[in-house]
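# Structural overview for review
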Amino acid sequence: MRYIISLCLFLVIAVSFYVFETSEKPTSSETPSTGLPQGHAINEVDTTAPQDYASPQSVTSPPHPQHKFIKTAAPKAAAGDRAVAESEKRRVNEQSRFVSGMATSMMIAPSFAPQPPPLDRENYAAKNENRFLSVALSPLSTFGLEVDSASYSNVRRQINQGGVPLPSSVRLEEMVNYFDYNFPQPSDGHPISVMSDYAVAPWNPKHRLAMIGVKASDVTASSDKGARITFLLDTSGSMNSSDKLPLLIRSFQTLLANLKPEDQVAIVTYAGSAGLVLPPTPVTESERIHQALASLSAGGSTAGGAGIQLAYDVARKQYDKNATNLVILASDGDFNVGVSGDGELKSMIEKQRESGVFLSVIGMGSGNYQDAKMQVLAEAGNGVAHYLDSDVEAQRLFGSELTRTLHIAAKDVKVQIEFNPAAVAQYRLLGYESRVMNAEDFRDDKKDSGEIGAGHSVVALYEIIPTGTGETPDIERRYQTSLPAGSKAMELAYVKLRYKQPDGDKGIEFDHLMTTKAKAIEAASVDLQWASAVAELSLLLSESEHAGSSSLQGVLHRAKAVTFKQAGAKRAEFIHCLLYTSDAADE
C-alpha cells in the first residue's frame, strides 16, 4: 500500500512539473529579431540590435528618494519573459561565483570597524557639477582630457574602511578612467586614436549617453630610452603610520624591481627641511638604493615647498632629453612649513615644468589626506594623480602598468565637440569639471591641458537630451542659423582632438564624426556598458542632482554581465566594492 501511495505522489509531482515547464516556455514568435536596419531616422533608437543580457533595472528602475543605497526588489517579469528571467537568474549565479574567484587576488579585505575612521580633516575641493547646456546657445563643448585615477582608489579605501565615501571625494571621470577599455590602437600616424558609441542613458530612458574613447599607443619615443626619476618623499610626522611611509617604501621597492637597467633614480625627502638622501644613481646599483630607502623614518613638520624646489634642482641635474624626466611626489598633502598655499605651490610648479620635467603625485593615508592640494600639484606639473591604498595598488602602478605610469604618449590633449542642433537639444559633460575650457582655448597652444600615458585608454561621457523630447529650452533668437540637412542631419556631433608630442610645442589636430543612431544600453559596446555602470555609481556616491533613476541594483546587474563576458581583476574588485557599499549604506 505504501508503494502505491508513493508512486501516486511521484506521478502527481512529475505531471505538475511538466505543466509548469510547458507553460513557461516562450514560443518562437517571442524571440527578438537580430537583424539590423539599413537606414535610420534622426534620433532613432535601435531596438532590433541583439541583446546580450536582460537589464530591466538599467532603464525602468523608479527614482529612489535622495538616492540612498537601499537594495530594491527586481521588477516582476511578464509571463512571456519568465523563461528568459529564469535563464538570466542561472547566469547571474554563475557570474557571482566567477566574480568572487576573480576578485580574490586583488580585493583588499575590508575591516569593518564599528565606526569608520573619521574623515573630518580630509580636504577635498568643492565641485560644481557640470549642468545641461543648450546647443542653441552653446554648441561647442571644450575640455582637457586626463587620466588621473586617484579618486577611484580613494573611494575604494573609504569603502574598505566600512563607510560610505564622502561625496566630494568622488570625481566621475577618475572613477571611469581607472579601468581599461578595448579601444582601437592608433594606426594613422597619431599617438592617440578616437572612437565613439551612443546608447540610451541607463538612469533616464528619455536621455542618451554618448561615449568618446581615446586610446594611446603602447610604445612612445621615450619608453625605450629609459627614465630619469626623482622621488620626492614626505617623511614628516604625519606620515608615521602603516598606510603611509612603510607602504610607500614597499611601493618604491616594487618600482625599482621593474625599472630597466638604463634607468636612473634619485631620492629627495622633506620634513622640517628638505634633504638629498640619494643623488642620481643607476638602477643597477640596487643595493645602494635599497639602503637609502631603508634609512627613511617619519618625524617633524612638513616643508613641502622646499622639497619640491630641491627635487626639481636634482631632476635638472640628471636630465636626459631622450628619456622621460619625472618627479614623483608621494605625500598625504599635509604641508605646513614654508611655501604651502595652493596658489604659491601652483605658481612654483608651473615655472619648473618649463624645464621639461613632469611632476606626478601619489596621495596616501586617511584622516588628514589633503586631496585638493594633491590635485593642484598634479595639474600644475603636467603629470598624473594617483592614490595608493595597498600593496596591490602599488603592484598595478609600478608593475603591470609601469609604462603608462612613467611615459607620456601625448601632452596637452584637448577635445572640442560641436553638437548638431538638429539632433541634440541639450548636453552635459559628465565629470572633468576642473578641465572645462573656453572654446577659443582649443587652438591656443599656450593653454595647458592633460597628458595621456603610453597604453592608456581614456573615456569622456556626455548625457544628451535629444531634440523632440519636449525638454528643449524656450530660447528665441532674432538671427537664426539654418539646421543641417542631408547626411549632416544624421550626425550627432563633430569631434576634434588636439595634442602635442611629449617634447613638442605645436598642437596637432584630427577629427571624428558621431552618428545619431542610439542603441539600447544592453546592445551597446562592452566598453560603454562598463563605463556607464561606473558613471552611474559615481552619480549615486556623489549625490548628483542628475542621478535620475540610478540604483545600485542596476549598476551591479550591468557590471556583472560585462565582467562575465570580459574578465578582469579590477572589474571583479569593483563588483565587490559595490556589494560592500550597499552593506555599509544599509547600516
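Anything mentioned here points back to the structure above.
Here's what I pulled together on the structure shown here. (Residues numbered from 1 in each chain as written. Predicted model: local features only at pLDDT ≥ 70, side-chain atom pairs only at ≥ 80, totals over all residues. Heavy atoms only, no water.)

Right, let's talk about the layout of surface pockets for a bit. By volume, the second largest pocket is sized at about 780 Å³. Listing elements by their share of the lining of the second largest pocket, those giving two or more residues are β9 (324–331) and β12 (408–419). When residues in the lining of the second largest pocket are grouped by element, the largest group, 4 residues, is from β12. A per-class count over the lining of the second largest pocket returns 9 nonpolar, 10 polar and 14 charged. (1 Å grid on protein atoms, 1.4 Å probe; cavity = no way out; pocket = protein on both sides within 12 Å on 5 of 7 lines; lining within 4 Å. Points joined across faces, edges and corners; volume = space filled by probe spheres on them. Helix = DSSP H or I, 4+ residues; strand = E, 2+ residues; numbered from the N terminus. Nonpolar A, V, L, I, M, F, W, Y, C, P; charged D, E, K, R; others polar.)

In this section: helix α4 (residues 150–160). Counting buried residues in α4 gives 11 out of 11 residues, a clear majority hidden from the surface. Three or more residues of α4 are buried, namely A150, S151, Y152, S153, N154, V155, R156, R157, Q158, I159 and N160. Directly after α4, the chain includes G162, whose backbone phi takes a positive value near 100°. (Buried < 20%, exposed > 50% of the residue type's maximum accessible area, 1.4 Å probe, protein only.)

Peptide bonds are mostly trans, and most non-glycine residues show a negative phi. The phi torsion at D412 lies on the positive side, around 50°, for a residue other than glycine. Looking at where D412 falls in the secondary structure, it is placed in strand β12. One non-glycine residue, E543, lies in positive phi territory at about 55°. With respect to the secondary-structure elements, E543 resides in the loop between α13 (526–541) and α14 (552–565). Of the residues examined, E543 reaches a relative accessible area of 55% and is grouped as exposed.

V176, L461 and F574 are the most contacted members of the largest nonpolar core, which totals 42 residues. By residue number, the principal contributor to this core is α13, which donates 10 residues. For V176, the residues in contact, after removing those within four places along its chain, are Y181, V459, L461, A531, V534 and A535. (Core = buried A, V, L, I, M, F, W, Y, C linked by side-chain atoms within 4.5 Å. Contact = heavy atoms within 4.5 Å.)

With respect to burial, strand β6 (residues 227–234) is a largely interior element, 8 of its 8 residues being buried. The side-chain alternation of β6 yields two buried faces, one formed by A227, I229, F231 and L233 and the other by R228, T230, L232 and D234. Sheet topology note: the β6/β9 ladder contains 7 bridges and is parallel. Note on β9: the bridge partner recorded for F231 is I328. Taken together, the 7 bridges between β6 and strand β7 (residues 264–270) define a ladder with parallel strand orientation. Paired with F231 across the bridge in β7 is I267. Note that the unit made of β6, helix α6 (residues 245–258) and β7 has a crossover that is right-handed. (Pairing = 2+ DSSP bridges. Right-handed = clockwise from strand over helix to strand, strands pointing away.)

Where α6 contacts helix α11 (residues 391–400), the two axes come as close as 9 Å, and the packing angle between them is 30°. In this view, α6 runs roughly parallel relative to α11, as classed from their interaxial angle. Our pair here, α6 against α11, has a crossing hand that is right-handed. Residues L247, R250, S251, F252, T254, L255 and N258 of α6 pack against D391, A394, Q395, F398 and G399 of α11. Of the residues belonging to the contact of α6 with α11, the class tally is 5 nonpolar, 5 polar and 2 charged. (Axes fitted to C-alpha atoms, helices over the stretch in contact; angles between N-to-C directions. Parallel < 35°, antiparallel > 145°, perpendicular 65-115°, else oblique. Left-handed = near helix turned anticlockwise from the far one by under 90°.)

This part is about the pattern of salt bridges. For side chains bearing opposite charge, pairing can occur when the charged atoms are close. Within the structure shown, the criterion is met by 26 salt bridges. The closest approach of N and O atoms between R250 and D391, which form a salt bridge, is 2.9 Å. Of this pair, R250 sits in helix α6 while D391 sits in helix α11, and the two are 141 residues apart along the sequence. Residue class for R250 comes out partly exposed when judged on its relative accessible area of 36%. (Salt bridge = Lys/Arg side-chain N within 4 Å of Asp/Glu carboxyl O.)

Attention now moves to the sheet that holds β9. Strand order in the open sheet formed by 6 strands is β8-β7-β6-β9-β10-β11, with mixed pairing between adjacent strands. With one partner strand each, in any of the chains shown, β8 (274–282) and β11 (385–388) form the two edges of the open sheet. Across the sheet, the mean angle separating the axes of adjacent strands is 20° when strand polarity is ignored. Across 6 bridges, the pairing between β9 and strand β10 (residues 358–364) is parallel. Residue L326 lies in a different strand from β10, and its bridge partner there is F358. The strands touched by helix α7 (residues 286–294) within the sheet are β6, β7 and β8, with β8 carrying the most contacts at an inclination of about 165°. α11 rests against β10 and β11 of the sheet, and its axis sits at about 145° to β11.

Attention now moves to the environment of I159. Note that I159 resides in helix α4. Between the alpha carbons of I159 and L578 there is a distance of 9.0 Å; along the sequence they are 419 residues apart.

Bringing the side chain of S134 into the picture now. Within the element layout of this structure, S134 appears in strand β2 (residues 133–134). Its relative accessible area of 12% is what places S134 among the buried residues. In this structure the side chain of S134 is engaged in a polar contact, spanning 3.2 Å, whose partner is the backbone nitrogen of A136. Excluding anything up to four places from it in sequence, S134 contacts P139, A425, Q426, P473 and I475. (Polar contact = N/O pair within 3.5 Å; in protein donor to acceptor, adjacent residues only side chain to side chain.)

Glancing now at the side chain of S331. With respect to the helices and strands, the residue S331 is situated in strand β9. Here G333 takes part through its backbone nitrogen, which lies 2.7 Å from a polar atom of the side chain of S331. Setting aside chain neighbours within four positions, we find S331 in contact with D234, M239, Y270, I362, G363, M364 and M374.

Take the pairing of β12 next. With 11 of 12 residues buried, β12 lies mostly within the body of the structure. When strand β3 (residues 140–144) meets β12, the two strands line up antiparallel, connected through 5 bridges. If you follow T142 over to β12, its bridge partner there is Q416. Judged from the 7 bridges that link them, β12 and strand β17 (residues 491–500) form a sheet pairing that is antiparallel. If you follow K414 over to β17, its bridge partner there is R498.

Just distances and angles here, no functional claims.
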